[in-house]
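Letter by letter, the chains look like this.
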Amino acid sequence: MSDDPHMGDPRPDVDPRVTSPTREGLAGTAPVSLYVRTRDQITIAPDFKPPEAQPAWRRDFPIDWPQDQYVERRDFMKFLVLTSFAFTTGQFWIAAQQWWQRRGEVPGERRIAAVGDLAVGGTVVFDYPGEHDPCVLVRMSADEYVAYSQKCTHLSCAVIPQPEEGVLHCPCHEGYFDLRSGRPIAGPPNRPLPRIHLDVRDGAIYATGVEWRTT
Amino acid sequence: MTRPRPFSRDQRVIIIYGMLAFAVIIVVLQLWLLTATMNAYLGADTAVVWPAAAASLFCLLLNVGLLRYLARLDRSAG
């Protein structure tokens, strides 16, 4: 059995007492004994062949603990980068959604009802701007109308106008919105309902736009 | 000119621990960024969407940089 602590290390021997370029450490000052290979740093495969001659699966599933620890941490690092990529993809998915929505932002004008069809305190449900965007129009007085998206800003249940009480009520979780402003006044919703801009002309009421609000 | 001595396995494990510490912080930051952006976006506040996406991309680039260094570390080990 050889007494050589380097055990076949091809690197040249260096004198630990002398500071020289061959004493390479993290900062150039580490003692040379740091580089003496210990037995637990050496992986010996069952077939006694060198590591570079081993199949890939044996390098990925090492048989000794130090190498296993190294491979595990290395693969965890790779997994974290993959997770990071997934989060970035999610961010850009949101951005793409926003861009797509902005692209088709001008919804155009849609006739909702004739003025004469709606009594004071009466309501009409309509879709605007898309075919699956339910909204509700309420006639507050002879010449005052309000319209909001009918989706509750909590969990998208349909809100029900109650003009006599001046509120819109969400029956799912007992949310209430002020009928005049569309702002939440009770229950879990904390954002106002999107307001539908209206135009009354030629005896008819038209939806002309949507105002998304955060406060 | 002598060739730099490759890191020993113990040293490489320590380096990877250091990289993991950075990567975990970056990924947690990205998770927070994603949830905050989603919350703002669903609340119709779209002003933060693109800056947040850029910040997340920057975080990803940092992580990819760490990964490249890891690959180099692996190669240097032979």
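Preceding this section is the structure that the text describes.
Here goes a summary of the coordinates provided. These numbers come from a predicted model, not from an experiment.

Concerning the overall build of chain B
Then step 1. Each helix and strand counted, chain B has 2 helices and 0 strands in total.
Then step 2. For chain B, the proportion of its 78 residues judged to be buried stands at 23%.

Things to note about the overall build of chain A
Then step 1. Looking only at helices and strands, chain A has 2 helices and 10 strands in total.
Then step 2. For chain A, the succession of helices and strands along the chain, N to C, is α-α-β-β-β-β-β-β-β-β-β-β.
Then step 3. A burial count over chain A gives 20% of its 215 residues as buried.
Then step 4. Counting only contacts in chain A whose residues sit at least 6 apart along the sequence, the fraction spanning at least 24 positions is 32%.

Describing the sheet that holds strand S8 (residues 184-186) of chain A
All names here are of chain A.
Then step 1. In spatial order, the strands read S5-S6-S7-S8; together these 4 strands make up an open sheet with antiparallel pairing. The sheet terminates laterally at strand S5 (160-162) and S8, the two strands that pair on one side only. Neighbour-to-neighbour, the strand axes of this sheet turn through a mean angle of 35°, independent of strand direction.
Then step 2. In terms of strand pairing, S5 meets strand S6 (residues 167-170) through 3 bridges, oriented antiparallel. In the strand pairing of S6, proline 161 is matched with leucine 168.

Overview of the nonpolar core
Then step 1. Membership of the largest hydrophobic core comes to 19 residues, with the highest contact counts inside it found for Cys135, Leu137, Ala147 and Tyr148 of chain A.
Then step 2. Of all the elements in the fold, those that place two or more residues in this core are strand S3 (134-141), strand S4 (144-149), S6 and strand S10 (204-211) of chain A.
Then step 3. For this core, the element with the most residues is S3 of chain A, which contributes 4 residues.
Then step 4. Look past the residues within four positions of cysteine 135 of chain A in its chain and what remains in contact with it is Phe126, Asp127, Tyr128, Ala147, Tyr148, Ser149, Gln150 and Ile196 of chain A.
Then step 5. By size, the runner-up hydrophobic cluster in this structure holds 12 residues, among which are Ile16, Met19, Leu60 and Leu66 of chain B.

A few points about the packing of helix H2 (residues 65-103) of chain A against helix H1 (residues 9-42) of chain B
Then step 1. The geometry of H2 of chain A relative to H1 of chain B is characterised by a closest axis approach of 9 Å and an angle of 20° between their N-to-C directions. Our classification of the angle between H2 of chain A and H1 of chain B gives roughly parallel. Note that H2 of chain A runs across H1 of chain B; the crossing there is left-handed.
Then step 2. Of the residues in the contact of H2 of chain A with H1 of chain B, the class split is 22 nonpolar, 10 polar and 4 charged.

Things to note about the environment of glycine 130 of chain A
Then step 1. Within the secondary structure layout, glycine 130 of chain A lies in the loop between strand S2 (123-127) and S3.
Then step 2. Along the backbone, glycine 130 of chain A and proline 107 of chain A are 23 residues apart, and their C-alpha atoms lie at a distance of 8.0 Å.

Thresholds applied
- Residues numbered from 1 in each chain as written.
- Chains lettered and ligands numbered in written order.
- Predicted model: local features only at pLDDT ≥ 70, side-chain atom pairs only at ≥ 80, totals over all residues.
- Helix = DSSP H or I, 4+ residues; strand = E, 2+ residues; numbered from the N terminus.
- Buried ≥ 20, exposed ≤ 12 C-beta atoms within 10 Å, placed from the backbone.
- Contact = placed C-beta atoms within 7 Å.
- Pairing = 2+ DSSP bridges.
- Axes fitted to C-alpha atoms, helices over the stretch in contact; angles between N-to-C directions.
- Core = buried A, V, L, I, M, F, W, Y, C linked by C-beta atoms within 7 Å.
- Parallel < 35°, antiparallel > 145°, perpendicular 65-115°, else oblique.
- Left-handed = near helix turned anticlockwise from the far one by under 90°.
- Nonpolar A, V, L, I, M, F, W, Y, C, P; charged D, E, K, R; others polar.

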